2 protein chains.
Amino acid sequence: MSTGQFADVTAVTEVSPGNFTGEISPEWTIGGKPNGGYLLAMIGRAAVGVVPQEQVLAISAHYLRSPEPGPAQIETEVLRSGRSASQVRARLVQEGAACVETLVTIGSLEAEAKPYWEGGLPVIEPVDRADGIRIEGPSPTGMPLAMMSQVDLRIDPSCLGFALGKPSGRGELHGWLALPDNADFDPLSLIFAVDAFPPATLDVEITGWVPTLELTVYVRALPAPGPVRVLQKAQLVDAGRVDEVCYVWDSTGRLVAHGTQLAGIRLG
Amino acid sequence: MSTGQFADVTAVTEVSPGNFTGEISPEWTIGGKPNGGYLLAMIGRAAVGVVPQEQVLAISAHYLRSPEPGPAQIETEVLRSGRSASQVRARLVQEGAACVETLVTIGSLEAEAKPYWEGGLPVIEPVDRADGIRIEGPSPTGMPLAMMSQVDLRIDPSCLGFALGKPSGRGELHGWLALPDNADFDPLSLIFAVDAFPPATLDVEITGWVPTLELTVYVRALPAPGPVRVLQKAQLVDAGRVDEVCYVWDSTGRLVAHGTQLAGIRLG
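Because the structure is predicted, anything quoted here is derived from the model rather than measured. (Residues numbered from 1 in each chain as written. Chains lettered and ligands numbered in written order. Predicted model: local features only at pLDDT ≥ 70, side-chain atom pairs only at ≥ 80, totals over all residues. Heavy atoms only, no water.)

S.K.: Mind laying out the relation of the copies chain B and chain A, listing which residues take part and the relevant values?
M.R.: Each copy of the sequence occupies a distinct position, and chain B is placed on chain A by a rotation of 180° and an axial shift of 0.0 Å, giving an RMSD of 0.0 Å. Taken together, the rotation angle and the small translation identify this as a two-fold axis. Relative to the rotation axis, the C-alpha of Ser-60 of chain B is the closest in chain B, positioned 3.2 Å from it. In this assembly, 100% of the residues forming the interface of chain B have copies in chain A that are likewise at the interface, indicating an isologous arrangement. (Least-squares fit on C-alpha atoms with pLDDT ≥ 70 in both. Contact = heavy atoms within 4.5 Å.)

So this is what it looks like as structure tokens:
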């Protein structure tokens with residue numbers, strides 16, 4: 001099983017069949033609000049606890065309201081328990097109010113599987129992680145970024161125009177992510193990785209809070225040890241909403257997770 | 001409200017508060033199985049019936065088992081009823097078995113909204129729809145395609161290598177989609193549009209059935225009248241699974257919907 005600080009802050013305890021408790025850490029917050037991918041990893045951990053298979057293959061979340069740091073409950077319901085895959089509904093609840101509703105498909109990732117075809121993935125010019133600039137708080141709009149003191153998140157210098165008030169306009173943030181103590185990633189922390197980066201809209205125009213409405217993550221392979229490389233990319237800002245896609249490669253250059261999100265934004 | 005044959009085949013009737021019945025058409029099937037996007041449009045129609053807002057903004061579906069053509073029930077549960085957006089859980093059930101589980105965020109799309117920034121969207125060289133080749137059944141592997149007699153789905157000739165046994169290897173199918181009687185699209189039929197195309201893996205290697213495990217659709221704008229243009233794109237085939245992204249533009253060239261899916265495939 002996974003160990004380390006990330007495993008600790010996403011730990012859940014089954015208190016009755018299918019019902020779990022967890023403790024949302026105040027350190028895994030952005031602007032005081034728990035990071036959505038962090039919450040999703042905690043929910044995923046509960047979901048894999050109620051079916052025979054071990055790995056989240058796909059998790060879709062709709063965010064109803066932001067919980068506060070502190071105790072939370074995760075209620076699960078097995079929708080179908082199959083031979084090769086199972087489906088679970090899981091919701092995070094705090095003080096009786098549903099905060100995050102999810103559907104999870106759980107199956108098995110083979111340790112030795114190789115990509116068969118990856119011709120549709122974006123290709124990024126190789127850059128050295130040592131040249132990345134570490135993100136710490138506060139954000140360009142003054143928001144405290146407690147989570148950035150926990151992880152080591154570095155941005156490719158070619159995407160850092162926003163820090164000088166000159167976004168490139170490409171809507172792309174490319175960089176690297178390492179967990180506390182450089183712990184190895186696993187399928188649950190990969191779920192977090194897909195929502196760890198700042199909004200890629202920073203590379204278009206600097207705005208405040210970009211609250212996630214929906215986030216879907218696919219975990220595609222077991223990651224190799226070491227930091228992951230991440231590309232967060234905005235596609236369309238339209239009438240107060242933006243969608244972003246995110247790709248995560250492990251240290252061997254293999255795509256291990258990706259996802260898409262719809263978020264609110266004060267533009268358009 | 002929407003009218004026409006598509007509205008008819010996705011019609012639902014509320015038989016008790018939050019519980020609907022519908023009739024899955026045998027004509028909206030691929031290989032005898034109801035199309036996943038068609039089912040999702042029917043589910044979305046039930047979901048918007050139980051909250052104040054009118055348009056599906058985001059819908060995420062996990063497919064548990066394929067229903068058969070014939071009667072089905074849709075059970076909804078309002079998760080949160082908000083001022084600007086609401087969230088609903090909706091599941092399609094047949095003969096007591098849950099077939100499709102969904103979460104839906106419902107809100108309002110403004111009629112006059114213009115895209116604010118679309119720099120992250122793929123750009124396709126303009127091609128004339130009249131040059132598109134209409135897809136009819138059976139598939140390259142002999143599968144009957146009843147649905148293709150209902151819609152007018154045309155593929156850009158540059159993506160048709162698979163029909164000659166020579167896929168381009170790009171993993172892209174670009175083309176156009178029109179509803180029966182050339183009915184106008186609306187946010188519900190756009191959900192269908194995101195899953196209407198053949199698997200883009202045809203442009204990599206011809207395989208049989210590619211069953212959807214998870215499908216998430218974002219509806220971004222109210223579509224203009226007329227057929228829509230669609231790009232279906234595979235990204236990564238890995239260990240028996242593939243993900244595909246899909247973009248849908250209306251007749252004015254505005255992106256109106258997009259989505260992502262994870263599916264099973266007998267490759268890798």
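S.K.: Describe the packing of aromatic side chains, listing the residues and the values that go with them.
M.R.: Residue and element names in this part refer to chain A. Counting across every chain of the model gives 10 aromatic pairs over all chains. Here the aromatic rings of Tyr-247 and Trp-249 are separated by 6.0 Å at their centres, their planes lie at 25°, and the arrangement is stacked. On the basis of relative accessible area, Trp-249 is assigned to the buried category, the value being 4%. Each member of the aromatic cluster is reached from another via a ring pair, and the members are Phe-6, Trp-28, Tyr-38 and Phe-192. The residue whose ring lies beneath Arg-229 is Trp-249, and the NZ or CZ to ring-centre distance is 4.5 Å. (Phe/Tyr/Trp six-rings, centres within 6.5 Å; stacked < 30°, edge-to-face > 60°. Buried < 20%, exposed > 50% of the residue type's maximum accessible area, 1.4 Å probe, protein only. Lys NZ or Arg CZ within 6 Å of the ring centre and 35° of its normal.)

S.K.: Explain the interface of chain B and chain A to me, and be specific about the residues and the numbers.
M.R.: Listed per partner, the contact involves 60 residues of chain B and 60 residues of chain A. For the pair chain B and chain A, the two sides together bury roughly 4,900 Å², of which 55% comes from carbon and sulfur. Sorting the residues of chain B by area buried against chain A places Tyr-116, Trp-117 and Arg-220 of chain B first, and these three jointly supply 16% of that buried surface. At the junction of chain B and chain A, the tally comes to eight salt bridges. Taken together, chain B and chain A are joined by 43 residue pairs in polar contact (both at pLDDT 80 or more). Looking at the side of chain B that touches chain A residue by residue, the classes come out as 27 nonpolar, 16 polar and 17 charged. Pairing of strand β9 (residues 115–117) of chain A with strand β14 (residues 228–238) of chain B involves two bridges; the strand directions are antiparallel. Paired with Trp-117 of chain A across the strands is Val-237 of chain B, a residue of β14 of chain B. (Buried area = accessible area lost by both parts, 1.4 Å probe. Salt bridge = Lys/Arg side-chain N within 4 Å of Asp/Glu carboxyl O. Polar contact = N/O pair within 3.5 Å; in protein donor to acceptor, adjacent residues only side chain to side chain. Nonpolar A, V, L, I, M, F, W, Y, C, P; charged D, E, K, R; others polar. Pairing = 2+ DSSP bridges. Helix = DSSP H or I, 4+ residues; strand = E, 2+ residues; numbered from the N terminus.)

S.K.: Residues and numbers for the pairing of strand β11 (residues 152–155) of chain A, please.
M.R.: All names here are of chain A. A two-sided burial pattern is seen for β11, the buried positions comprising Asp-152 and Arg-154 on one face and Leu-153 and Ile-155 on the other. As defined by bridge partners, strand β10 (residues 133–134) adjoins β11 across two bridges and the pair is classed as antiparallel. Directly across from Ile-133, in β11, lies its bridge partner Ile-155. Sheet topology note: the β11/strand β12 (residues 172–178) ladder contains four bridges and is antiparallel. Counted as the bridge partner of Arg-154 is Trp-176 from β12.

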